[in-house]
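Descriptive structure summary
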Amino acid sequence: MSRTYNFSAGPSMMPLAVLKRAQQELLDWNDGMSVMEVSHRSNAFLALIAGCEEKLRLLLHIPANYKVLFLPGGATLQFAGIPLNLLGDKKHVDYIDTGVWSQKAIGEAKHYATVNVAASAKDSNYTSVPEFEEWQLSKDAAYVHITPNETIQGVEYQGFPTGIENLVADMSSTFLSRPVDVAKFGLLYAGAQKNMGPAGIAVVIVRDDLLNKASPLTPVITNYTVQAQEHSLYNTPPTFNWYMLNLVLEWLVEQGGLVSMAAINQRKATELYNAIDGSSFYKNPVVKKYRSWMNIPFTLAQENLDSLFLTEAEKVGLMNLKGHRIVGGMRASIYNAMPEEGVRTLIAFMQDFERRHG
Ligand code: PMP
């Protein structure tokens, strides 16, 4: 077996121990059946999902007045699900624009509500987060939506505003990378395929008082009130993905939880940023205090070396480093499952490449 280091933004690298466990259990998870062959209403599967929620609650210290939902459709379905569920009898919603994923959320919300873009990082070419004091919040917004980590631009909030009653956050590419105070939010959501498991399932954590307001037009599959009542089993859920997600949470608990993950993640990111900043060949454009711990874009001094960099990187097992076309250059996504050794191997490769071509 030869595994490579996969720097993809998502779907992304999974912990090896999780893949091995799934492999071991693939044919016989319970009673001689694969987990993907059993009913989602069987006792064995119900025990799995109860344990899954318990571990998530433990890892994030989720307060009792929040429901935890596991829903199909990725984070994108929630771009519509959020206004449909939370608008109630209000008309306005506030969004903070920090990059591509904020804009996708805004585009979808516009179908259901009047969107006020209360602040935008556009003037910085999306290399920073607008200062909280400068946000022009509406008086009567149903909620304020933020994107704590912009996966493409590599910009991450390093703290959250206080005093916003219904703060809603798309945590997709930062979820479970470090502790977060759930009580500061009305709703948190994240697709799984970065830090939690395979694509196709998303987690929504929603405060109880935000339920029971869904528009009658809300598709039942993304109606938080119904899904909370049904324990996310209104229809047949993506059972295998849920099983994998559960294994990842188990792995996270074994690693010592989110405080341990945060220390490792900060170390990985710091080492890579130091290598970039310490060279005159590589550059990261993001304002230092808003640099993402998870997605690190960087450019080479000469664009015409990009394809050689990627080819040589692949030869030594460093995969999927091509940046998003909007930003150009490279992007290293270093989620929880990327070992420190993977980041060090990348840094050594970058330094060697610079010596030879810089
Ligand atoms: N939000 C963010 C921050 C993302 O990075 C992504 C996916 N890259 C999405 C939302 C969309 O997620 P999904 O593909 O799970 O719908």
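Residues numbered from 1 in each chain as written. Predicted model: local features only at pLDDT ≥ 70, side-chain atom pairs only at ≥ 80, totals over all residues. Heavy atoms only, no water.

Quick notes on the site of the ligand
We apply this condition: We define proximity as follows: a residue is near a molecule or strand when any one of its heavy atoms falls within 4 Å of that partner. Whenever two N or O atoms come within 3.5 Å, that pair is a polar contact, provided that in protein one can donate a hydrogen and the other can accept it, and provided that, for residues adjacent in sequence, both atoms are side-chain atoms. Method remark: on a 1 Å grid restricted to protein atoms, a set of points is classed as a cavity if a 1.4 Å probe fits but cannot get out and as a pocket if it is open with protein on both sides within 12 Å along at least five of seven lines; lining residues have an atom within 4 Å of a point. By definition, a pocket or cavity contains a molecule when more than half of the molecule's atoms lie within 2 Å of the pocket's grid points.
In the neighbourhood of the ligand, the contacting residues comprise G74, A75, T76, F79, W101, N149, T151, D170, S172, S173, Q193 and K194. Measuring from an oxygen atom of the ligand, one finds a side-chain N or O atom of W101 at 3.5 Å. In the model, an oxygen atom of the ligand is placed 2.9 Å from a nitrogen or oxygen of the Q193 side chain. When atoms are counted within 2 Å of each cavity's grid points, the one that captures over half of the ligand is the largest pocket.

Things to note about the sheet that holds strand 9 (residues 187–191)
Quick note on the threshold: A pair of strands is treated as paired once DSSP finds two or more bridges between them. Secondary structure elements follow DSSP: runs of H or I of four or more residues count as helices, runs of E of two or more count as strands, with numbering from the N terminus. Between N-to-C directions, angles cover 0 to 180 degrees, with each direction set by a line fitted to C-alpha atoms, over the stretch in contact for helices.
Sheet architecture is open: seven strands sit in the order 2-10-9-8-5-3-4, paired in mixed fashion. Edge positions in the open sheet fall to strand 2 (66–72) and strand 4 (114–120), since each of these has one partner strand only. The sheet shows a mean angle of 20° between the axes of neighbouring strands, direction not considered. The pairing of strand 3 (residues 92–97) with strand 4 spans six bridges and is classified as parallel.

Details of the pattern of salt bridges
What counts here: Throughout this description, the term salt bridge denotes a Lys or Arg side-chain nitrogen within 4 Å of a carboxyl oxygen of Asp or Glu.
Applying the stated criterion across every chain yields a total of 17 salt bridges. For the salt bridge of K67 with D208, the shortest nitrogen-to-oxygen distance reads 2.9 Å. Of this pair, K67 sits in strand 2 while D208 sits in the loop between strand 10 (201–207) and helix 5 (224–229), placing them 141 residues apart in sequence. Between E271 and R344 there is a salt bridge whose closest N-O contact spans 3.0 Å.

Focus: a nonpolar patch on the surface
We count it as follows: Without a salt bridge and with relative accessible area above 30%, a residue can belong to a patch; like charges are then joined within 9 Å and nonpolar side chains (Val, Leu, Ile, Met, Phe, Trp, Tyr) within 5 Å. The Shrake-Rupley method, run with a 1.4 Å probe, gives the accessible areas here. Residue values count only the displayed protein chains as cover. Any residue under 20% of the maximum accessible area for its type is buried, any over 50% is exposed, and the rest in between are partly exposed; the area is computed with a 1.4 Å probe on protein chains only.
On the surface, L26, L27 and M36 cluster together into a nonpolar patch covering about 320 Å² of accessible area. As for its position among the elements, L26 is in the loop between helix 1 (16–25) and helix 2 (43–60). For L26, a relative accessible area of 35% corresponds to the partly exposed category.

Details of the domain arrangement of the protein chain
Formally: What marks off one domain from the next here is an automatic or database domain assignment. Defined here as a combined quantity, buried area equals the accessible surface (1.4 Å probe) lost by two parts on assembly, summed across both. Ten residue types, Ala, Val, Leu, Ile, Met, Phe, Trp, Tyr, Cys and Pro, are classed as nonpolar, four, Asp, Glu, Lys and Arg, as charged, and the remainder, Gly among them, as polar.
Here the protein chain is described as being made up of domain 1 (17–254) and domain 2 (258–357). Placing the centre of domain 1 and that of domain 2 at their C-alpha centroids yields a distance of 27 Å. Summed over both partners, the interface of domain 1 with domain 2 buries about 2100 Å², with 60% contributed by carbon and sulfur atoms. Across the domain 1-domain 2 interface, the total number found is one salt bridge. The partner of E131 in a salt bridge is K289, and the shortest N-O contact between them spans 3.4 Å. At the surface where domain 1 touches domain 2, the tally comes to 14 residue pairs in polar contact (both at pLDDT 80 or more). Of all the secondary structure elements, the ones that give two or more residues to the side of domain 1 that touches domain 2 are helix 2, strand 7 (155–156) and helix 6 (239–254). Of the residues in the side of domain 1 that touches domain 2, the class split is 10 nonpolar, 11 polar and four charged.

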